[in-house]
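The residues making up each chain are set out below.
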Amino acid sequence: MIMGARIKAKVVRIAGGLCWADPGDGREPIQCLARGKVKKRAEGVMVGDEVMVSLAGDDATGVLEEVLPRRNQLARPAVANCDQAVVVCSVSQPSPNVSLVERILVQALYQGLQACVVFTKADLAPESDYAHLVETYRGAGFTTLVTSARTGRGVPEVRKVLQGVTSVFAGPSGAGKSALLNAVHPGYGLVEGDVSRKIGRGRHTTREVRLLPLDGSGYVADTPGFSVLDISTMELPELAQVYPDIRRHAEGCRFTGCLHQAEPDCAVKKAVEEGLINPVRYEHYTVLLDELRQMHRDRYR
Ligand SMILES: Nc1nc2c(ncn2[C@@H]2O[C@H](COP(=O)(O)OP(=O)(O)OP(=O)(O)O)[C@@H](O)[C@H]2O)c(=O)[nH]1
Ligand SMILES: [Mg+2]
Ligand SMILES: [Zn+2]
């Protein structure tokens, strides 16, 4: 490689003031120091960023010269340019956090990502405990998988969903994100933590976002777990837009811009009553709508 050659690469890891950028040609990621002007950017550098790197003579190190424009970015987990969010939720230990699943879905869809839902730890609970959850998300139109890193159930399906795209795993600590990725690709060797018996939560074992190359093509990001997620300040009507199951029925509403809450002749409310929209989904929609309304109120006060 010629000294000083500029190549395009993808940031796969950031730690200790350095970042690692994958040239995508099978070579190891290049360890980079960012140029001063890149460091001063308000938007910073994120895992998932496409960047221009000028190589040092040794091919293993370089200088991050420029961050190319982002297609999208999630604040939590902090990652850019993903195609798909994989919402990870354990059926037990810790027990499912449906509110968090909803929030992650809303954020991901709002950023223009595809989304699917993966239930983990199927070996820890009888099917009857979580069948309603699978039904809710499958019914809403999301690819929904049931998996176990322990028994290998659903792992080939996860591989298939990841193939050829860039995905980000998102969900609470202890849900089994790292364990499932280890099952998908044992070579990753990701550290797994236990779940505290006393508080029933994970121990925040994964500390940084890392983008891992898949066999074939594509990447998947393992990320630190979290349980609190504020929805971004989208406009109220935009929320209904990121609920595919609600959007589908909204055409029949009397008012354009109907928020499907207190308005008369609302086709969405009718669809809920008729069992065409899952009431759990609608309930979460209204909770998030109220939250958004409150956020707007606070902002303009
Ligand atoms: N029985 C069972 N345990 C699992 C399964 N998947 C993960 N676990 C266990 O759950 C615990 C948490 O798994 P992790 O993979 O570390 O969870 P995580 O989502 O990566 O958590 P953070 O990195 O903290 O966000 C570990 O003790 C795993 O062994 C599973 O399918 N079945
Ligand atoms: Mg982890
Ligand atoms: Zn309506």
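Each chain carries its own residue numbering, running from 1 in the written order of its sequence. For this description, chains carry letters from A and ligands carry numbers from 1, given in the order in which they are written. Per-residue local features are limited, in this predicted model, to residues with pLDDT of at least 70; the limit for side-chain atom pairs, both in listing and counting, is 80 or more; totals at the level of whole chains, interfaces and linings are taken over all residues. Heavy atoms throughout the structure, all of them, feed into the side-chain values; hydrogens and water do not.

**Student:** I'd like a rundown of the domain arrangement of the chain, residues and numbers included.
**Tutor:** Domain boundaries assigned for the chain yield domain 1 (6-67), domain 2 (73-222) and domain 3 (236-300). The C-alpha-based centres of domain 1 and domain 2 are spaced at 27 Å. Working rule for contacts: check all heavy atoms of both residues, and any pair within 4.5 Å makes them a contact. At the interface, 13 residues of domain 1 touch 12 residues of domain 2. Interface area for domain 1 against domain 2, summed over the two sides, is near 950 Å², with a carbon-plus-sulfur share of 55%. One side-chain nitrogen of Lys or Arg within 4 Å of one carboxyl oxygen of Asp or Glu is enough to make a salt bridge. At the boundary of domain 1 and domain 2, one finds one salt bridge. Of the charged contacts in the structure, one is a salt bridge between E208 and R13, with a shortest N-O distance of 2.8 Å. Within 3.5 Å is the distance limit for a polar contact, defined as a pair of N or O atoms, with the added protein rule that one can donate a hydrogen and the other accept it, and that residues adjacent in sequence qualify only through two side-chain atoms. Here domain 1 and domain 2 share five residue pairs in polar contact (both at pLDDT 80 or more) between them. The element that contributes the greatest number of residues to the side of domain 1 that touches domain 2 is strand 1 (residues 6-15), accounting for six residues. Start and end points for every domain follow an automatic or database-based domain assignment. As a working definition, buried area equals the accessible area (1.4 Å probe) given up by two parts on being put together, with both sides summed. For the purposes of this entry, the term helix denotes a DSSP run of H or I that reaches at least four residues, the term strand denotes a run of E that reaches at least two, and both are numbered from the N terminus.

**Student:** Any details on the coordination of the zinc ion (ligand 3)? Residues and values, ideally.
**Tutor:** Put simply, the ideal angle at a metal is 109.5 degrees for four donors in tetrahedral geometry and 90 or 180 degrees for six donors in octahedral geometry. The donor set comprises N, O and S atoms within 2.8 Å of the metal, extended to 3.2 Å for Na, K and Ca; water molecules are omitted, so apparent gaps in a site may simply reflect that omission. In the first shell of the zinc ion (ligand 3), the protein supplies C253 (SG), C258 (SG), H260 (ND1) and C266 (SG), at 2.1 to 2.4 Å from the metal. One can describe the site at the zinc ion (ligand 3) as tetrahedral: its four donor atoms subtend angles covering 102 to 115 degrees at the metal. Here the donor residues of the zinc ion (ligand 3) are spaced in sequence according to C-x4-C-x1-H-x5-C. C266 shares its class with C258; the two are buried. The rule is simple: four donors are tetrahedral if all their angles sit between 85 and 135 degrees, four are square planar and six octahedral if opposite donors span more than 155 degrees and the others lie between 65 and 115, and anything that fits none of that is irregular. Any residue under 20% of the maximum accessible area for its type is buried, any over 50% is exposed, and the rest in between are partly exposed; the area is computed with a 1.4 Å probe on protein chains only.

**Student:** Could you give an account of the coordination of the magnesium ion (ligand 2), with specific residues and numbers?
**Tutor:** Summarising the metal site, the magnesium ion (ligand 2) is bound by the protein donors S178 (OG) and T206 (OG1), whose distances to it range over 2.0 to 2.1 Å. Linking S178 in helix 5 (residues 177-184) with T206 in the loop between helix 5 and strand 12 (210-213), this pair joins segments that are 28 residues apart in sequence.

**Student:** Pulling in residues and values, what's your account of the site of ligand 1?
**Tutor:** Residues in close proximity to ligand 1 total 23 residues, the closest being D123, A149, S173, G193 and T206. S148 places a side-chain nitrogen or oxygen 3.4 Å from an oxygen atom of ligand 1. One nitrogen or oxygen atom from the main chain of G174 is found 2.9 Å from an oxygen atom belonging to ligand 1. Against a free-state accessible area of 650 Å², the protein chains account for coverage of 92% of ligand 1. When grouped by side-chain class, the residues that make up the shell around ligand 1 number seven nonpolar, 10 polar and six charged. For each residue, the test is whether any non-hydrogen atom lies within 4 Å of the molecule or strand; if one does, the residue is near. The Shrake-Rupley method, run with a 1.4 Å probe sphere, supplies the accessible areas, and residue values consider only the shown protein chains as cover. Amino acids are sorted into nonpolar (Ala, Val, Leu, Ile, Met, Phe, Trp, Tyr, Cys and Pro), charged (Asp, Glu, Lys and Arg) and polar (every other residue, Gly among them).

**Student:** How would you sum up the environment of A125? Please name residues and give values.
**Tutor:** Along the chain, A125 falls in the loop between strand 9 (114-120) and helix 3 (127-139). Taking C-alpha positions, A125 is 6.4 Å from S92, a pair spaced 33 residues apart along the chain. Discounting residues that sit within four places of it in the chain, A125 has contacts with V91, S92 and Y130.

**Student:** Can you tell me about the pairing of strand 1, naming the residues and giving the values?
**Tutor:** For two strands to be treated as a pair, DSSP must find no fewer than two bridges joining them. Pairing analysis gives five bridges linking strand 1 to strand 4 (residues 50-55), with the strands arranged antiparallel. Bridge pairing links K10 to E50 in strand 4. Where strand 1 and strand 2 (residues 18-22) come together, five bridges link them in antiparallel fashion. Among the inter-strand pairings, V11 is bridged to a residue of strand 2, identified as A21. Hairpin geometry of strand 1 and strand 2 is characterised by an intervening segment of two residues between the two adjacent antiparallel strands and by a positive phi of about 55 degrees at G16.

**Student:** Could you give an account of the packing of aromatic side chains, naming the residues involved and the relevant values?
**Tutor:** What counts as a ring pair is set by centres within 6.5 Å for rings of Phe, Tyr and Trp (its six-membered ring), and what kind of pair is set by the plane angle: stacked under 30 degrees, edge-to-face over 60, tilted for all other angles. Here the structure, examined in full by the defined rule, presents two aromatic pairs. Here the aromatic rings of Y243 and Y285 are separated by 5.5 Å at their centres, their planes lie at 75 degrees, and the arrangement is edge-to-face. Taken together, the residues Y243 in the loop between helix 6 (236-241) and helix 7 (244-250) and Y285 in helix 9 (residues 279-300) connect sequence positions 42 residues apart. Accessibility expressed as a relative area gives 0% for Y243, which makes it buried. Under the relative-accessibility criterion, Y285 is labelled buried at 0%.

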